[in-house]
Amino acid sequence: MDTADILVKSAIETATQIKATAIIVSGDVDRNLFDCDLPVYFAANPSRNAVESLIPLDEEEGRLKQIVNQIQRDAAVSIEDVENAASIEQAIGNIKKGNVVGLIITDDSGAVIIHNISGNPLLKALEKFEQRVSPEIIRAVLKIALEIASMGREGSPVGTAFIIGDLEEVMQRSHQMILNPYSGHPEDERNILKKNNRESIKEFALLDGVFIISKEGVVHAAGRYLDVDAKDIGINKGLGGRHVSAAAITRDTVSVAITVSESGGTVRMFMDGKEMASIECNDRAIRKH
Ligand SMILES: Nc1ncnc2c1ncn2[C@@H]1O[C@H](COP(=O)(O)OP(=O)(O)OP(=O)(O)O)[C@@H](O)[C@H]1O
């Protein structure tokens, strides 16, 4: 049995013993080694910084210190991969609440960790959002937003924003930029919880402006312009007009906003005029089938 086999076996045993909700793998591990009923996710692997390992060191002690530092850095990045992947999958409802087991394999080290996701900033932000809109609606919007962020539409990056809740106030503080494609359609065909309706939402994400969604998950408008005063919004200065306006409408109304950045594929969550969490779509894990 080689090291990877032993670590995989140990991860499965640990996950079974603690009744983990999933195993998240960071590192290059053969998927076929996992023979278990638990969901197994493979975190995306950001490129590691190998520059320091190229610096020649004469002394043995210095070399040892360098190796330890490198292991610590690798482990920290890998643990972050596990945390990010686990919190995103839990946020969109793919894995249940509870502990996850992380299996971390870098070039030189391997470890099995138990990770409690509940303290993650993304999940904390979601709890706050749930004071305004039900978790299933937030999850459905987040899923669509992440799909738009990672795939765009026909290969081109797409930016958009979803304003959810406090429908009347949000409609009053906005106007159509183009004809509203959702006007006149039955609610059933506009409900975000229905899978069939999600493709058309992705199509309409190509339109300029934002989507307006009721707290029940019914899309009321696309191609809408937010008439807000965004002067005092203190969010990241690098963000564009749509992000700033989406943040501002959550300060002026009892709504929440989920945005997709065209320039970076980042999904952000706003409430009370502030950015509560952001998700890099590259951090999403791939589930073993
Ligand atoms: N208040 C607003 N309401 C709705 N749409 C807006 C508003 N302000 C700008 N937009 C639209 O958003 C589109 C993108 O604008 P911009 O690049 O400034 O912002 P962004 O979407 O925040 O940035 P990113 O490039 O990261 O997606 C523009 O085509 C613009 O018409």
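The structure we're discussing is the one just above.
Residues numbered from 1 in each chain as written. Predicted model: local features only at pLDDT ≥ 70, side-chain atom pairs only at ≥ 80, totals over all residues. Heavy atoms only, no water.

### A few points about the overall build of the chain
On a plain count of helices and strands, the chain comes out with seven helices and 12 strands. Intrachain contacts of the chain at a sequence separation of at least 6 include 64% that bridge at least 24 residues. (Helix = DSSP H or I, 4+ residues; strand = E, 2+ residues; numbered from the N terminus. Contact = heavy atoms within 4.5 Å.)

### Re the side chain of Asn197
Counting through the fold element by element, Asn197 comes out in the loop between β6 (174–176) and α6 (198–204). Those residues within four positions of Asn197 in sequence are excluded, and the remaining contacts are Asp188, Glu189, Arg190 and Asn191.

### What about the environment of Asp208?
Examined against the element boundaries, Asp208 turns out to sit in the loop between α6 and β7 (210–213). In sequence terms Asp208 and Met177 are 31 residues apart; their C-alpha atoms lie 7.6 Å from each other. Not counting residues within four places of it along the chain, the set of residues in contact with Asp208 comprises Met177, Gly223, Arg224 and Arg242.

### Considerations on the site of the ligand
Taken together, 15 residues surround the ligand, and among them Asp208, His243, Ser245, Ser261 and Glu262 come closest. Take Leu226: an N or O atom from its main chain is 2.9 Å from a nitrogen atom of the ligand. Between Ser245 and the ligand, the recorded distance is 2.8 Å, taken from a side-chain N or O atom to a nitrogen atom. The fraction of the free accessible surface of the ligand (620 Å²) that becomes covered by protein chains is 75%. Of all the secondary structure elements, the ones that give two or more residues to the shell around the ligand are β8 (219–226) and α7 (241–252). With four residues, α7 is the single largest residue contributor to the shell around the ligand. Residues that form the shell around the ligand fall into these classes: four nonpolar, seven polar and four charged. (Near = heavy atom within 4 Å. Polar contact = N/O pair within 3.5 Å; in protein donor to acceptor, adjacent residues only side chain to side chain. Areas by Shrake-Rupley, 256 points an atom, 1.4 Å probe, with all protein chains shown as cover. Nonpolar A, V, L, I, M, F, W, Y, C, P; charged D, E, K, R; others polar.)

### Details of a nonpolar patch on the surface
A contiguous nonpolar surface patch, about 270 Å² in accessible area, is contributed by Met177, Ile178 and Tyr225. With respect to the helices and strands, Met177 occurs in the loop between β6 and α6. Take Met177: its relative accessible area is 36%, and that puts it in the partly exposed class. (Patch = residues over 30% accessible without salt bridge, like charges linked within 9 Å, V, L, I, M, F, W, Y side chains within 5 Å. Salt bridge = Lys/Arg side-chain N within 4 Å of Asp/Glu carboxyl O. Buried < 20%, exposed > 50% of the residue type's maximum accessible area, 1.4 Å probe, protein only.)

### Details of the pattern of salt bridges
In total, this model carries 11 salt bridges according to the counting rule given. Residue Glu199 pairs with Lys202 through a salt bridge whose shortest N-O separation is 3.0 Å. Here the residue Glu199 and the residue Lys202 both occupy positions in helix α6, the gap between them amounting to three residues, near one helical turn. Its relative accessible area of 41% is what places Glu199 among the partly exposed residues. The shortest N-O distance in the salt bridge between Arg242 and Asp208 comes to 3.7 Å. With Arg242 in helix α7 and Asp208 in the loop between α6 and β7, this pair connects stretches of sequence that are 34 residues apart. In the salt-bridge network here, residues are joined through shared partners; they are Glu147, Glu199 and Lys202.

Remember, this is a structural readout, not a statement about activity or role.
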